[in-house]
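Listed below are the residues making up each chain.
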Amino acid sequence: MTTVGIFAGASEGDGATMGEIAVFVAALADAGFDFVFGGAITGVMGIVEREGLARGRSVIGVVTAAGEGSELYSTRLTSLEVVASRADRKARIMRLADVIVA
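Let me sum up the structure you'll find in this document. (Residues numbered from 1 in each chain as written. Predicted model: local features only at pLDDT ≥ 70, side-chain atom pairs only at ≥ 80, totals over all residues. Heavy atoms only, no water.)

1. Some words on the pattern of salt bridges
Moving on, step 1. In total, this model carries five salt bridges according to the counting rule given.
Moving on, step 2. In this structure, the salt-bridge partner of Arg55 is Asp30, at a minimum N-O distance of 3.0 Å. Here Asp30 lies in helix H1 (residues 15-30) and Arg55 lies in the loop between helix H2 (43-54) and strand S3 (59-64), a separation of 25 residues in the sequence.
Moving on, step 3. Where Arg76 meets Glu49, a salt bridge forms, and the shortest distance between an N and an O atom there is 3.2 Å. With Arg76 in the loop between S3 and strand S4 (79-83) and Glu49 in helix H2, this residue pair connects regions lying 27 residues apart in the sequence.
Moving on, step 4. In this structure Glu49 comes out as buried when scored by relative accessible area, which is 4%.
Moving on, step 5. Bridged by salt links that share partners, the residues Asp30, Glu51 and Arg55 form one connected network. (Salt bridge = Lys/Arg side-chain N within 4 Å of Asp/Glu carboxyl O. Helix = DSSP H or I, 4+ residues; strand = E, 2+ residues; numbered from the N terminus. Buried < 20%, exposed > 50% of the residue type's maximum accessible area, 1.4 Å probe, protein only.)

Right, here's the structure in full:
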């Protein structure tokens, strides 16, 4: 098991919760896990991007061709995959991951 799929939002949560999530993602990265997620740079998704990349892990983003509203996508990812729909996005994340965290 090496890749964690993260299903999370792009909205900002409260500071305490976001801090706890950063600690969790950092611990996974420090333990040698890579990540696949929705590709955004804000909210919990942004934490996955920042913490994973800061620790030298592979971080794959999966985005829809039409975008998801106002989400801003990272340009620093290990790779970025574009799929047709939200359902395809979820399915692709599940295919690439060994375990899912939601």
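Following the structure, the description resumes.
2. Concerning the sheet that holds strand S1 (residues 3-6)
Moving on, step 1. The strand order across the open sheet built from five strands is S4-S3-S2-S1-S5, with neighbouring strands paired in parallel fashion. One side of each edge strand has no neighbouring strand; the edge strands of this open sheet are S4 and strand S5 (99-101). Looking at each pair of strands side by side, their axes are set apart by 25 degrees on average, direction ignored.
Moving on, step 2. Sheet topology places strand S2 (residues 34-37) next to S3; three bridges connect them, and they run parallel. Of the residues in S3, the one forming a bridge with Val36 is Ile60.
Moving on, step 3. On top of the sheet, helix H3 (residues 86-96) reaches S1, S2, S3, S4 and S5; it is set at about 160 degrees to S3, its chief contact. (Pairing = 2+ DSSP bridges. Axes fitted to C-alpha atoms, helices over the stretch in contact; angles between N-to-C directions. Contact = heavy atoms within 4.5 Å.)

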